[in-house]
Structures are given as C-alpha cells and as structure tokens.
Amino acid sequence: MTPTITLNREAGLHGLAFTSAAPPPCLVCGDGGAQLFADLGHTALANNLTAEPAPAGEPRYPLRAGYCPRCWHVQLLDRVPPAAMFTEYCYLSSASSTLREHLGRLAATAAARLHLGPDELAVDIGANDGTLLAALGRLQPSARLQGIDPAANLAALARAAGVSTEVAYFNLDSARMLMDRHGRRARLITATNSFPHIPELDSYLAGVAALLAPGGRFVVEAHYLGDLLDQLAFDTIYHEHVSYWALGPMRHALRRHGRDVADVERLPVPHGQLRAWIGHAGEVTPAPAVAALEQAEIAAGLRAPATYTRFAERLETLAHQLRQAVAGVWASGQRLAGYGAPAKAATLAAYCKLGPREIAWIADRNPLKQGRYLPGAGIPIVGCERLETDRPDVLLLFAWNFAPEIMAQLEPFRRAGGRFLVPVPEPRLVA
Ligand SMILES: [Zn+2]
C-alpha cells in the first residue's frame, strides 16, 4: 500500500498572531544581544505547499537571521512553533538516491568505528523513514535500533520497514523514556539534518548527555555555516532551520553539557556539510582536525561582524541582479519557467519577489508536489512533461547547488535551444 503523505499542515494555524519582538536569548549561550544581518521578510512556511495559488490566511512569519556577538552562533531571530512544521513531513530520506547512499556510507563508517555488540543500542534522532537505522541494522544485525521522530507519517513508514520508532520530539524526557524502555544507554546516537531544527537546544543536549553511554558517540551532521556564507546560500534560511552551525558555537553548546567534539569532517556534498563525532568531555581527546577547523573559522571571519555585513550586501545585489535577469528574459519575448521546487525555492522566490508573473510554473519530479503551489509565491508546481508540452525558453534552477547534474539531465532541453538561469551566488544564464 502506498502511504498517504499530507503536504498541507496548516490546520489550527490560521489567524495565529505572530509578532516579531526583540531577539530571543541565544540558543547556545543565552545572550540577549543577537545582531540581525539577514532580513528575509515575512514568509510562508517553506514546506507547506498549498492547494490553491494564494490561500486566504496562509500563515506567514518573520524570517530574520542573526549572529550572537558572544558565542557567534548564527540563528533565526523569530521562532515558529515546531508543531506547525514537523508533525507531518513530506521529505523522505529514502526518496533521494543521493541521500540514501549518503546515509548508507554513514552507517558503514559508524559500524566500523563503534562495532556495536549484541543488544547495544543505537538511536537515530529525527529518524525520518528509518533509512539510516535500516542500513545500520544490515551491518550490525545484533544491535538494538531505535528511531525517534515527531512526524507520525514518517514513523509509520519506518515501522513498516521494521525499525522501531517513537513519535516524539527528542529532549530530556523522551531520552529518559527510551533509556527506561531499553534498560540501557546508547553507544551510538545520530542526528543527520535534524540538528539545525532544534529550538530547545538545552533540553535536547541534556537528553543526549543522559542517553549517551560511556565511550559512545553522538554523530551530528548539519549544513555548514562556512559553506552557507561562501556559497551565499541564503535560501537555506527558512523557518525549519533555527540554527546554522559552525564548529566553534557547536563546541560551546556541547561543553555546557559536559560533552565535546572528538573529531570533525567537512563532507564534500554540494551544499557543504559538517559531521561531528561527539563524546563525553572527560573521555575525549579532540583530533587535530578539531582545532584546525576552529582556527580556519576564525581566519575566514566567522567571528567578525564585517563578514555578516558583507553577506547582506551580496544578498541585496543578488536579488537586484536576479530580478533584472528575469525581466530581461521576458522583455526579449522569451518565456521563463522554473525547475525543481525544493523548500529553499520559497525563500528565494519571497526574497527576490518572484511570483507567477515572473515564473510561469515550476516543474518537479516529485508527484507529491505536483498540482500544488510554491508557499507564499503561488507559483504552480507541475510535472516534468510540461517541459515538452509547454516549452519555455529559459529554466530557473531553484536547486542551483545541483546545477551541473540537473543541466546534464536536461540535455535534450538545452540541445533544442533552451537556456538555464542559475540564480546563486551570482545570477548567470547558461546556454
Ligand atoms: Zn550565543
């Protein structure tokens, strides 16, 4: 049976008053002086694809990123209740072959480093549809596997795949519940791509501290702030992502809970990712890579206000140039459509003020998105057959960090004279 995934999770949110007040305390250190550097306006929730072009009462929230001048953690200055975003979720780990292979490699690396013995516990936080734990189970069949994820629709998929999964947010309470259930702590805890989503970081890290067995490892993967700044990947800023992690603030947060980073890697994925291997502070001798990356962060200006000022300036220039490029296409009598509707397309469209007048439609291969509309922008999302039946002249690539692969897939479109508009970091037309 094909499970039903509900994309629209707005129930109960209509009319919710949301005002942008003074910045909340820093997620990492509690300082109250966060400095705004990227104001992306009032935007719709990036994964709430709508059934109508611009539904009345579509919830919008302020989207502003700032840095903490004390610990330099980059974070959202306005936080949306998690229940508005994560109780159902349309992004499946297993749906992307790239992600499936990535998680398979992580499972193999973790199995090789930790050698989970019989009945030793591995917990995956934000376990999604169980892809990572299922891969780990194939390598370490005698280990106990436990997923935890707030999205009931995903947990049902994981259970159907044989992975025990609890529907809950991870925090100190749910960590204790898992310890009671299994009668042991976890040798391995993983959090791939959920770590940027955590608004109550203290309770989350207290849960990790309680659940992690002596000698165990907590493995975090997160989009890396250094890459975000270099690539001008401002469109990965949306409400789900409350944190944009660099190593320095991550160690600051962990040390408050008696934990530290034992080893760190930058992963060569297109958007750039950080993987940290974390242990109990007293047991951990950080590998040379840890100090080296912290030094590199200081040298790259991750702890200098000017870096963030410059990011904001580049962002304004990008929006201006992209609007000019889009207007130029239409002014020359050509038609512009979009290709790919990832969540970040909502941020790009909102900040650059692109709607259905600028982008006729967006083709996306995911049937769950087709027939829906880009949140906030009201641009229709259609199937890829539209490229044949209603051929545009130029395609804006919203998943710009995969531009080489996408352009290779769309070689027939290019060969027939089609061009691509790659929006980030500097808008450019590719023939
Ligand atoms: Zn701070």
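Fair warning: this is a prediction, and the values are worked out from it, not measured in the lab.

*Asks:* Kindly report on the coordination of the zinc ion, identifying the contributing residues and their values.
*Replies:* Distances from the zinc ion to its protein donors, Cys26 (SG), Cys29 (SG), Cys68 (SG) and Cys71 (SG), fall within 2.3 Å. If you look at the zinc ion, its 4 donor atoms make angles of 102 to 118° with each other, and the shape they trace is tetrahedral. Judged by its relative accessible area of 0%, cysteine 68 falls in the buried class.

*Asks:* Before we move on, can you summarise the pattern of salt bridges with the specific residues and values?
*Replies:* In this structure the tally under the stated criterion is 18 salt bridges. Arginine 60 is the partner of glutamate 58 in a salt bridge, and the nearest nitrogen-oxygen pair spans 3.8 Å. The salt bridge involving arginine 64 is made with aspartate 78; its shortest N-O contact spans 2.8 Å. Note that arginine 64 is positioned in strand β2 (residues 60-67) and aspartate 78 in the loop between β3 (74-76) and α1 (83-86), a separation of 14 residues in sequence. You'll find arginine 64 and aspartate 78 in the same group, each marked buried. Taken together, the shared-partner salt bridges connect Arg251, Arg255, Asp260, Glu294 and Arg303 into one network.

*Asks:* So what's going on with the domain arrangement of the chain? Residues and values would help.
*Replies:* Per the domain assignment, the segments making up the chain are domain 1 (93-303) and domain 2 (306-430). The C-alpha-based centres of domain 1 and domain 2 are spaced at 32 Å. Listed as interface residues are 17 residues of domain 1 and, on the opposing side, 18 residues of domain 2. Interface area for domain 1 against domain 2, summed over the two sides, is near 1,600 Å², with a carbon-plus-sulfur share of 69%. Across the contact surface, domain 1 and domain 2 share 0 salt bridges.

*Asks:* I'd love a proper account of the packing of helix α5 (residues 172-182) against helix α6 (residues 201-211), names of residues and values included.
*Replies:* Between α5 and α6, whose axes approach to 7 Å, the crossing angle comes to 20°. Comparing their axes, α6 and α5 come out roughly parallel. For the pair α5 and α6, the sense of crossing is right-handed. Across the interface between the two elements, Leu172, Ala175 and Met179 of α5 pack against Ser203, Ala206, Gly207, Ala210 and Leu211 of α6.

*Asks:* Outline the confidence of the model for the chain, supporting the account with residue identities and numerical values.
*Replies:* Per-residue pLDDT for the chain averages 91, and the proportion of residues at 70 or more is 94%. Across residues 1-20 the pLDDT falls below 50, and counting only partners more than four positions away or on other chains, this stretch makes 43 contacts in the model.

*Asks:* Before we move on, can you summarise helix α4 (residues 152-160) with the specific residues and values?
*Replies:* Those residues of α4 that fall on the buried side of the exposure criterion are Asn153, Leu154, Ala155, Leu157 and Ala158. Two residues or fewer past α4, glycine 162 is found with a positive phi of approximately 90°.

*Asks:* Go over the pairing of strand β8 (residues 212-223) with me, naming the residues and quoting the values.
*Replies:* Within β8, 10 of the 12 residues are buried, which leaves it mostly tucked inside the rest of the structure. After leaving strand β7 (residues 186-192), the chain enters α6 and then returns to the sheet as β8, a path that is right-handed. Pairing between β8 and strand β11 (residues 273-280): 6 bridges, direction antiparallel. Note on β11: the bridge partner recorded for phenylalanine 218 is isoleucine 278.

*Asks:* Tell me about helix α11 (residues 344-351), and name the residues and values.
*Replies:* The element α11 is extensively covered by neighbouring structure, given that 7 of its 8 residues are classed as buried. On the buried face of α11, the contacting elements are β1 (35-44), β2, α10 (305-331) and β15 (394-397). Once α11 finishes, lysine 353 follows within two positions and takes phi at roughly 55°, a positive value.

*Asks:* Would you mind going over the nonpolar core in detail, with residue names and values included?
*Replies:* In this structure, Ile125, Tyr204, Phe218, Phe234 and Leu396 are the most contacted members of the largest nonpolar core, which totals 107 residues. Looking at which element gives the most residues to this core, the answer is α10, with 8 residues. When residues are assigned to domains, this core turns out to be shared by domain 1 (93-303) and domain 2 (306-430), each giving three or more. Apart from residues lying up to four places away in sequence, tyrosine 204 is in contact with Ile125, Phe170, Asn171, Ala191, Ser194, Phe195, Ile198 and Phe218. Core analysis: the second largest hydrophobic core is formed by 20 residues, Leu106, Leu133, Ala135 and Val163 among them.

Rules behind the numbers
Throughout, a residue's number is its position along its own chain's written sequence, starting from 1. The predicted nature of this model means local features are confined to residues of pLDDT at least 70 and side-chain atom pairs, given and counted, to a pLDDT of 80 or more, with totals for whole chains, interfaces and linings taken over all residues. Working from all heavy atoms in the structure, the side-chain values ignore hydrogens and water. The rule for donors is simple: N, O or S, within 2.8 Å of the metal, or within 3.2 Å if the metal is Na, K or Ca. Water isn't counted, so a site may look like it is missing partners. A site with four donors is called tetrahedral when every donor-metal-donor angle falls between 85 and 135 degrees; four donors are called square planar, and six octahedral, when opposite donors sit more than 155 degrees apart and all other angles fall between 65 and 115; any other arrangement is irregular. Relative accessibility under 20% of the residue-type maximum defines a buried residue, over 50% an exposed one, and the middle range a partly exposed one, all with a 1.4 Å probe and only protein chains included. We define a salt bridge as a side-chain nitrogen of Lys or Arg found within 4 Å of a carboxyl oxygen belonging to Asp or Glu. In this text, helices come from DSSP runs of H or I with a minimum length of four residues, and strands from runs of E with a minimum of two, each type numbered from the N-terminal end. Throughout, the edges of the domains are those of an automatic or database domain assignment. By the convention used here, residues are in contact when the closest approach between their heavy atoms is within 4.5 Å. When two components associate, each loses some accessible surface as probed by a 1.4 Å sphere; the sum of these losses over both components is called the buried area. Inter-axis angles, ranging from 0 to 180 degrees, are taken between N-to-C directions of lines fitted to C-alpha atoms, where helices are fitted over the stretch in contact. Oblique is the label for any angle not under 35 degrees, not over 145, and not in the 65 to 115 range, which are roughly parallel, roughly antiparallel and roughly perpendicular in turn. With the far helix as reference, a near helix turned anticlockwise by less than a right angle produces a left-handed crossing, and one turned clockwise produces a right-handed crossing. Scored from 0 to 100, pLDDT reflects the predictor's confidence in each residue. Here, the term right-handed applies to a crossover whose path from the first strand over the helix to the second runs clockwise when the strands point away from the viewer. Pairing between strands is defined by DSSP: at least two bridges between the two strands are required. Take the buried Ala, Val, Leu, Ile, Met, Phe, Trp, Tyr and Cys residues and link them wherever side-chain atoms come within 4.5 Å; each set so joined is a nonpolar core.

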